There are 2 protein chains.
Amino acid sequence: MLQRPTIKDVARRANVSLSTVSLVLNNKGKVSPKTREKVERVIRELGYYPTSSARGLALRKSGNIGFILSYDHFTQTEPFYTKIFLGAEFEAQNHNYYILLTTVRKEYNPSNSIPRFLQERNVDGVLIAGQVNTKLIEYIDSLSIPVVMIDFTLKNHKHSTVLMNNYQGAQLAVEHLLKLQHRKIGYIGGDLAHPSINERFQGYRYALQQAGIIPDEAWISVSQEDTKIHNGYNAVKDMLHSTKSMPTALIVANDAMAIGCLQFLQESNIRVPDEIALIGFDNVEKSYSVQPSLTTIDVNKYAMGEIAVRTLVECIPKECHQVTHIRIPVSLVVRESTEKSVVSIGA
Amino acid sequence: MLQRPTIKDVARRANVSLSTVSLVLNNKGKVSPKTREKVERVIRELGYYPTSSARGLALRKSGNIGFILSYDHFTQTEPFYTKIFLGAEFEAQNHNYYILLTTVRKEYNPSNSIPRFLQERNVDGVLIAGQVNTKLIEYIDSLSIPVVMIDFTLKNHKHSTVLMNNYQGAQLAVEHLLKLQHRKIGYIGGDLAHPSINERFQGYRYALQQAGIIPDEAWISVSQEDTKIHNGYNAVKDMLHSTKSMPTALIVANDAMAIGCLQFLQESNIRVPDEIALIGFDNVEKSYSVQPSLTTIDVNKYAMGEIAVRTLVECIPKECHQVTHIRIPVSLVVRESTEKSVVSIGA
DNA sequence: GCTAGTTGTCGAAGCGCTTCGATAGAATGG
DNA sequence: CCATTCTATCGAAGCGCTTCGACAACTAGC
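Residues numbered from 1 in each chain as written. Chains lettered and ligands numbered in written order. Predicted model: local features only at pLDDT ≥ 70, side-chain atom pairs only at ≥ 80, totals over all residues. Heavy atoms only, no water.

### Description of the sheet that holds strand E6 (residues 185–190) of chain B
Residues and elements named next belong to chain B.
Line of reasoning, step 1. Read across the open sheet, the four strands follow the order E7-E6-E8-E9; overall the sheet is parallel. Edge positions in the sheet fall to strand E7 (220–224) and strand E9 (277–279), since each of these pairs with one other strand and no more. The mean angle between the axes of side-by-side strands here comes to 15 degrees, regardless of whether they run parallel or antiparallel.
Line of reasoning, step 2. In the sheet, E6 pairs with E7 via three bridges, with the strands oriented parallel. Considered in E7, the bridge of Gly-190 is made with Gln-224.
Line of reasoning, step 3. Packing against the sheet, helix H12 (residues 229–242) makes contact with E6, E7 and strand E8 (249–252), and its axis sits at approximately 130 degrees to E7. (Pairing = 2+ DSSP bridges. Helix = DSSP H or I, 4+ residues; strand = E, 2+ residues; numbered from the N terminus. Axes fitted to C-alpha atoms, helices over the stretch in contact; angles between N-to-C directions. Contact = heavy atoms within 4.5 Å.)

### Side note on the interface of chain A and chain B
Line of reasoning, step 1. Facing 45 residues of chain A, the contacting portion of chain B comprises 44 residues.
Line of reasoning, step 2. Roughly 4200 Å² is buried in total at the junction of chain A and chain B, and carbon and sulfur atoms are behind 55% of that figure.
Line of reasoning, step 3. In this assembly, chain A and chain B are joined by zero salt bridges.
Line of reasoning, step 4. Counting residues per element, the ones that place at least two in the side of chain A that touches chain B are helix H4 (52–59), helix H5 (71–75), helix H6 (80–94), strand E2 (98–104) and helix H8 (116–119) of chain A.
Line of reasoning, step 5. Here the element with the most residues in the side of chain A that touches chain B is E2(A); it accounts for six residues.
Line of reasoning, step 6. Of the residues in the side of chain A that touches chain B, the class split is 20 nonpolar, 15 polar and ten charged. (Buried area = accessible area lost by both parts, 1.4 Å probe. Salt bridge = Lys/Arg side-chain N within 4 Å of Asp/Glu carboxyl O. Nonpolar A, V, L, I, M, F, W, Y, C, P; charged D, E, K, R; others polar.)

### A closer look at the pattern of salt bridges
Line of reasoning, step 1. Scanning all chains against the criterion turns up 32 salt bridges over all chains.
Line of reasoning, step 2. Of the charged contacts in the structure, one is a salt bridge between Arg200(A) and Asp282(A), with a shortest N-O distance of 3.1 Å. With Arg200(A) in helix H11 (residues 195–210) and Asp282(A) in the loop between strand E9 (277–279) and strand E10 (296–299), the pair connects residues that are 82 residues apart, well separated along the chain. Each member of the pair Arg200(A) and Asp282(A) is classed as buried.
Line of reasoning, step 3. A salt bridge links Lys158(B) to Asp141(B), with the shortest nitrogen-to-oxygen separation between them at 3.8 Å. Pair noted here: Lys158(B) is in the loop between strand E4 (147–150) and strand E5 (160–164) and Asp141(B) is in helix H9 (residues 134–143), with a separation of 17 residues, a long-range link. (Buried < 20%, exposed > 50% of the residue type's maximum accessible area, 1.4 Å probe, protein only.)

### Describing the nonpolar core
Within soluble globular proteins, side chains that are nonpolar generally end up buried alongside one another.
Line of reasoning, step 1. Of all hydrophobic cores here, the largest spans 144 residues; its most connected members are Phe67(A) and Phe67(B).
Line of reasoning, step 2. Ignoring sequence-local partners within four residues, the contact set of Phe67(A) consists of Ile84(A), Phe85(A), Ala88(A), Ile99(A), Leu100(A), Leu101(A), Thr102(A), Phe117(A), Leu127(A), Ala129(A) and Ile150(A).
Line of reasoning, step 3. Core analysis: the second largest hydrophobic core is formed by 40 residues, Val123(A), Val104(B), Leu118(B) and Met149(B) among them. (Core = buried A, V, L, I, M, F, W, Y, C linked by side-chain atoms within 4.5 Å.)

### What about the relation of the copies chain A and chain B?
Note: a rotation about an axis with an accompanying shift along it relates these two copies of the chain.
Line of reasoning, step 1. With an axial shift of 0.1 Å and an RMSD of 0.2 Å, the rotation relating chain A to chain B amounts to 180 degrees. Within this description, the copies of the chain are treated as partners about a two-fold rotation axis. The rotation axis passes nearest to the C-alpha of Ser53(A) in chain A, at a distance of 2.1 Å.
Line of reasoning, step 2. When the interface residues of chain A are mapped onto chain B, 98% of them again fall at the interface, so both copies present the same face. (Least-squares fit on C-alpha atoms with pLDDT ≥ 70 in both.)

### Regarding helix H10 (residues 166–179) of chain A
Residue and element names in this part refer to chain A.
Line of reasoning, step 1. Look at H10: 20 Å from first C-alpha to last across 14 residues, which is about the 20 Å you get at 1.5 Å a residue.
Line of reasoning, step 2. Buried residues of H10: Asn-166, Gly-169, Ala-170, Ala-173, Val-174, His-176, Leu-177 and Leu-178, and no others.
Line of reasoning, step 3. Of the residues that open H10, the one with a side-chain oxygen 3.4 Å from the backbone nitrogen of Tyr-167 is Asn-165.
Line of reasoning, step 4. Of the residues trailing H10, Gln-181 is marked for its positive phi of about 75 degrees. (Expected span 1.5 Å × (residues − 1). Polar contact = N/O pair within 3.5 Å; in protein donor to acceptor, adjacent residues only side chain to side chain.)

### A look at the protein's contact with DNA strand D
Line of reasoning, step 1. As a structural note, the neighbourhood of DNA strand D is formed by 26 residues, with Ser17(A), Thr20(A), Ile7(B), Ser22(B) and Tyr48(B) the closest of them.
Line of reasoning, step 2. A breakdown of the atoms of DNA strand D within 4 Å of the protein gives sugar and phosphate a share of 71%.
Line of reasoning, step 3. A distance of 2.7 Å is found between a phosphate oxygen of DNA strand D and a backbone nitrogen or oxygen belonging to Ser17(A).
Line of reasoning, step 4. Within the residue set of the surface near DNA strand D, elements represented by two or more residues are helix H2 (18–26) and H4 of chain A together with helix H2 (18–26) and helix H4 (52–59) of chain B.
Line of reasoning, step 5. At four residues, the largest contribution of residues to the surface near DNA strand D is made by H4(B).
Line of reasoning, step 6. Taken together, the residues that form the surface near DNA strand D break down as eleven nonpolar, eleven polar and four charged. (Near = heavy atom within 4 Å.)

### A word on empty space enclosed by the protein
Line of reasoning, step 1. For the structure on display, the rule yields four cavities of 30 Å³ or more.
Line of reasoning, step 2. Of all elements in the fold, only E2 and H8 of chain A together with helix H6 (80–94) and strand E2 (98–104) of chain B reach the threshold of two or more residues within the lining of the largest cavity.
Line of reasoning, step 3. A per-element tally of the lining of the largest cavity places E2(A) first, with three residues.
Line of reasoning, step 4. Counted by class, the lining of the largest cavity contains seven nonpolar, two polar and two charged residues. (1 Å grid on protein atoms, 1.4 Å probe; cavity = no way out; pocket = protein on both sides within 12 Å on 5 of 7 lines; lining within 4 Å. Points joined across faces, edges and corners; volume = space filled by probe spheres on them.)

### Description of the sheet that holds strand E6 (residues 185–190) of chain A
All names here are of chain A.
Line of reasoning, step 1. Strand order in the open sheet formed by four strands is E7-E6-E8-E9, and the pairing between neighbours is parallel. Of all strands in the sheet, those with a lone pairing partner are strand E7 (220–224) and E9, marking the two edges. Neighbouring strand axes in the sheet, compared pairwise and without regard to direction, differ in orientation by 15 degrees on average.
Line of reasoning, step 2. In the packing of H10 onto the sheet, contacts are made with E6, strand E8 (249–252) and E9, and the angle to E8 comes to roughly 170 degrees.

Rendered as structure tokens:
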């Protein structure tokens, strides 16, 4: 690294002491407008930037935020977590934090699963995005470093979270379908152990109930173990084979499953949306390239990352272990799978 | 952050001086096996880890590597750069470096396009993945920080690079087709200004020439301005409308274009691979989910990231400005678009 | 037995910053 | 006009680490 101006150089050139420069730098203590102005000018002239190691050493802070992501989540095609990360990165810059990103494997193994930035305590706070091993979370707790979890939560709710508002999403979906005169509204989901999936299902039930509609239980499928494409495929298949009265609309726990449903319906020559309307969840990239394009629930991923960082950095100076739970509002993206007249956006 | 043991604590407990502990820590100087052993034991007992700010301050090194990515590249669906990043992250850990990831926009704007880690000189080296603005690269050069570029290069070749071996890829494609008895082998590409695309084209020409085959120029299309799906679509369309004699096989500059080709061929009821065989480049996720699945050229993205880090960290201590150009070997992934009998792997 | 070298250890200075307590000087009040 | 308070500034210590030069304690050579 090149020789750069230090705070000393600034002090000398501005004819003030080191401490004064430091005070200006940090907007602390009393500094006369005149000296402040002078110091700031010199800083600009010299192109001075404080060295983060030095500052970190003095403050006993690292200036870093750790971002932990499950390996599988990060490498998946859908850039869901990538966007969350970008939102976080952006906001971290605003707060003068660097983000140290690391991925962890599902299987926990103390020797290689503990991110180095934790061992070295080189972060002032930690963001956890998506599902990671509980052991790891316990380890982090033991360090008493502030944590915010994104798109994931534990049953104990001991940690601050930033989650998408799945209830609202289900509500929007139901309302949309009601407005289109649907009354026979089914639900297809899986893996109720997953908090988000579970909430979507609860939201669906609740919204229908609010509307005074009692769905035929045959239109509700939540026994699939996972939420992949084939689970959706199999779920509709089973549902339609086991009941004569078809629903006119289906709310599906996520887009992947919805796309699976779509596949089966098309193979069965059931027209979407004419015979069955379909709403997914997540607004994945593929949801607008399928035919017909998929109506779905969207959430601002960048916002999730941003808000998580904001929550975290508020927490850091106070060393607070106060927990905050934030729900990010979602929105309905109307496409062809519910409204025939809609012009395709993608494809 | 919790109160952690410092080097002082270790020294006290091991009955040696600070300097001795430091020497042990860094494997420097002469330390008797006995003291070394003793110090190491105490380090383990205390769970001591050196604080990176302190070390950074003393060494005038940050222990960080900057990773610069164009915003568009990172957010795209295909996790190409994500994988490169992960490979880099992994290798960085092995060298005790942290990676600071940042994305930059295409449009250069000094006030917000210069990553903070550069302004603050908080990195010991920089990785640049994919195409970024030349202005930014010039800025980095002006800091004289070691740089390695991944999957991108400038015409001046002043920087170390880690690139995929596009020539070899084209060669493999041609050889594969020759083995399948194809002799009428065409090429579809676009944007020859892009180094990789250009090399693929050169590789194609060269390999055919080596085989003593002179392709009909009507089977070569390189006038498309970009390499997106529709460019591929339009390119075959134009080609097949303008010539009577069809090629029996096409090598396409990347999978996106190849998929565009596939679309047009299917719409025109031209059977793939029976009438025209197709080979893409990049092995994108979609290439195995299309029907028929696409034969393509694959490169180990993780390896690219890993090797880039290795190249960079070798460079850092020497402050060397020596440039190394590394080509990552590619491999052929045979799927249905060239061999009818192949069983589909994906889908 | 003395010099010359070698080896292992240590003390102190220094990296660039923050911050506490001290201190001049200005402003205020009686 | 002096005592008191307030304001702006500064010096020095300290954050946790590395490293250079010093120095005892050995070893080897003659």
